[in-house]
Amino acid sequence: MISRFIKDQTAYTGGELTSHWAFRSFDLLGDSIVAFAGPCDVSTDRMADLVDVKANAPIWSERMLHFIVEHFGCGLETAILRQRLLVCIIQERLNSRLKGKTIRRKGDDLYEGDAKLSVSIAVQSPVSCMIHVGLNVENKGTPVRTVGLNDLGVNPESLAGDVMAGYLDELKGMAEARCKVRGVP
């Protein structure tokens, strides 16, 4: 699994959830997690979440910290489990940094009080599964009540590195756990 933080501001439009995006964009071939900061503008014609499409609820944020994960050789259910694992790691890393505030998870979304911090989706392509998690950095002009990492006093690049390291550690630990047990009759 390869990880990389992209320092250049990069926009997220939903079109990044296509197989081999990390390879085409950054020469990262294989399973990868890429993080970057930039605006988020996903119109309903690019959305994968059909409930949001039906509700005509596009996603917009002036600036988010984005994580895009690609795994080859897994199905959608496994991707959703990994998406939830990533969201739990983000929650854990945030709560360890905050004083007097608590980030709570509801499904694949994160909240501080009733303010939404994240958006998230897992999708399956013909050859891989993709995960996107976006965390608001700014909360100005969002279509729903939100909180941003700036409001929480959290540095996006530092958080990204910590989260990606935690995700890689969990995947390595799961691979080791799978290999270390003996078969039972």
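Placed above this text is the structure.
Residues numbered from 1 in each chain as written. Predicted model: local features only at pLDDT ≥ 70, side-chain atom pairs only at ≥ 80, totals over all residues. Heavy atoms only, no water.

## Remarks on the overall build of the chain
Point 1. Scanning the chain from N- to C-terminus turns up five helices and eight strands.
Point 2. The C-alpha atoms of the chain give a radius of gyration of 16 Å, which matches the 16 Å a tight globule of 185 residues would have.
Point 3. In terms of its C-alpha atoms, the chain occupies a principal-axis envelope of roughly 55 × 40 × 30 Å.
Point 4. Counting every position in the chain, which comprises 185 residues, the buried fraction comes to 43%.
Point 5. Long-range pairs, those at least 24 residues apart, make up 70% of the contacts in the chain between residues at least 6 apart in sequence.
Point 6. Taken as a whole, the chain presents about 9600 Å² of accessible surface, with 50% of it coming from carbon and sulfur.
Point 7. Across the chain, the centroid of the 22 positively charged side chains sits 5 Å from that of the 23 negatively charged ones. (Helix = DSSP H or I, 4+ residues; strand = E, 2+ residues; numbered from the N terminus. Rg over C-alpha atoms; globule rule 2.2 N^0.38 Å. Buried < 20%, exposed > 50% of the residue type's maximum accessible area, 1.4 Å probe, protein only. Contact = heavy atoms within 4.5 Å. Areas by Shrake-Rupley, 256 points an atom, 1.4 Å probe, with all protein chains shown as cover. Lys, Arg positive; Asp, Glu negative; His and termini not counted. Charge placed at Lys NZ, Arg CZ, Asp CG, Glu CD.)

## Some details on the pairing of strand 3 (residues 59-72)
Point 1. The pairing of strand 2 (residues 32-42) with strand 3 spans ten bridges and is classified as antiparallel. If you follow Ser32 over to strand 3, its bridge partner there is Glu70.
Point 2. In this sheet, strand 8 (residues 128-136) lies alongside strand 3 in antiparallel orientation, the contact comprising nine bridges. Bridge pairing in strand 8 places His66 opposite Gly134. (Pairing = 2+ DSSP bridges.)

## Comments concerning helix 3 (residues 76-97)
Point 1. Taking 1.5 Å of rise per residue, 22 residues should cover 32 Å, and helix 3 covers 32 Å from first to last C-alpha, within 8% of that figure.
Point 2. Every buried residue belonging to helix 3 is among Ala79, Gln83, Leu86, Val87, Ile89, Ile90, Gln91, Arg93 and Leu94, and all of these are buried. (Expected span 1.5 Å × (residues − 1).)

## Quick look at unusual backbone geometry
Point 1. The residue His20 is not glycine, and still its phi comes out positive at about 70°.
Point 2. Mapped onto the elements, His20 comes out in the loop between strand 1 (2-6) and helix 1 (21-26).
Point 3. One non-glycine residue with positive phi stands out, namely Asp27, at about 60°.
Point 4. Within the secondary structure layout, Asp27 lies in the loop between helix 1 and strand 2.
Point 5. Look at Asp27 and you get exposed, because its relative accessible area is 65%.

## Comments concerning the packing of aromatic side chains
Pairs of aromatic rings are described using the distance from one ring centre to the other and the angle between the two planes.
Point 1. The tally for this structure, following the rule as stated, stands at two aromatic pairs.
Point 2. Aromatic side chains Trp21 and Phe26 sit 5.3 Å apart centroid to centroid with 80° between the ring planes, which places their arrangement in the edge-to-face category.
Point 3. A residue is classified by how much of its surface remains accessible, and Trp21, at 8% relative accessible area, is buried.
Point 4. Taken together, the aromatic side chains of Trp21, Phe26 and Phe36 make up a single cluster linked through ring pairs. (Phe/Tyr/Trp six-rings, centres within 6.5 Å; stacked < 30°, edge-to-face > 60°.)

## A short note on the sheet that holds strand 5 (residues 109-112)
Sheet strands associate in pairs through backbone hydrogen bonding, adopting either a parallel or an antiparallel arrangement.
Point 1. A sheet is described by the order of its strands in space; here three strands give the open sequence 4-5-6, paired in antiparallel fashion. A single partner strand is all that each edge strand has here, and the edge strands are strand 4 (103-106) and strand 6 (115-116).
Point 2. Two elements, strand 4 and strand 5, share four bridges in a ladder whose sense is antiparallel. If you follow Arg104 over to strand 5, its bridge partner there is Tyr111.

## Quick look at the packing of helix 3 against helix 5 (residues 156-180)
Point 1. Axis separation between helix 3 and helix 5 bottoms out at 9 Å; the angle between their running directions is 130°. The orientation of helix 3 relative to helix 5 falls into the category oblique. For the crossing formed where helix 3 meets helix 5, the hand is right-handed. In contact with Arg82, Leu85, Leu86, Ile89, Ile90, Arg93, Leu94 and Arg97 of helix 3, helix 5 contributes Ser158, Leu159, Asp162, Val163, Gly166, Tyr167, Glu170, Leu171 and Met174.
Point 2. Looking at side-chain class alone, the contact of helix 3 with helix 5 contains ten nonpolar, two polar and five charged residues. (Axes fitted to C-alpha atoms, helices over the stretch in contact; angles between N-to-C directions. Parallel < 35°, antiparallel > 145°, perpendicular 65-115°, else oblique. Left-handed = near helix turned anticlockwise from the far one by under 90°. Nonpolar A, V, L, I, M, F, W, Y, C, P; charged D, E, K, R; others polar.)

## As for the pattern of salt bridges
Point 1. Under the definition given, this model contains seven salt bridges.
Point 2. Among the salt bridges present, the one from Lys140 reaches Glu62, with a minimum N-O distance of 3.6 Å. Here the residue Lys140 occupies a position in the loop between strand 8 and helix 4 (149-152), and Glu62 occupies one in strand 3, the gap between them amounting to 78 residues.
Point 3. Among the residues examined, Glu62 registers a relative accessible area of 37% and is labelled partly exposed.
Point 4. A salt bridge links Arg97 to Asp162; the nearest nitrogen and oxygen atoms lie 3.1 Å apart. Remark: Asp162 occurs in helix 5 and Arg97 occurs in helix 3; sequence separation between them is 65 residues. (Salt bridge = Lys/Arg side-chain N within 4 Å of Asp/Glu carboxyl O.)

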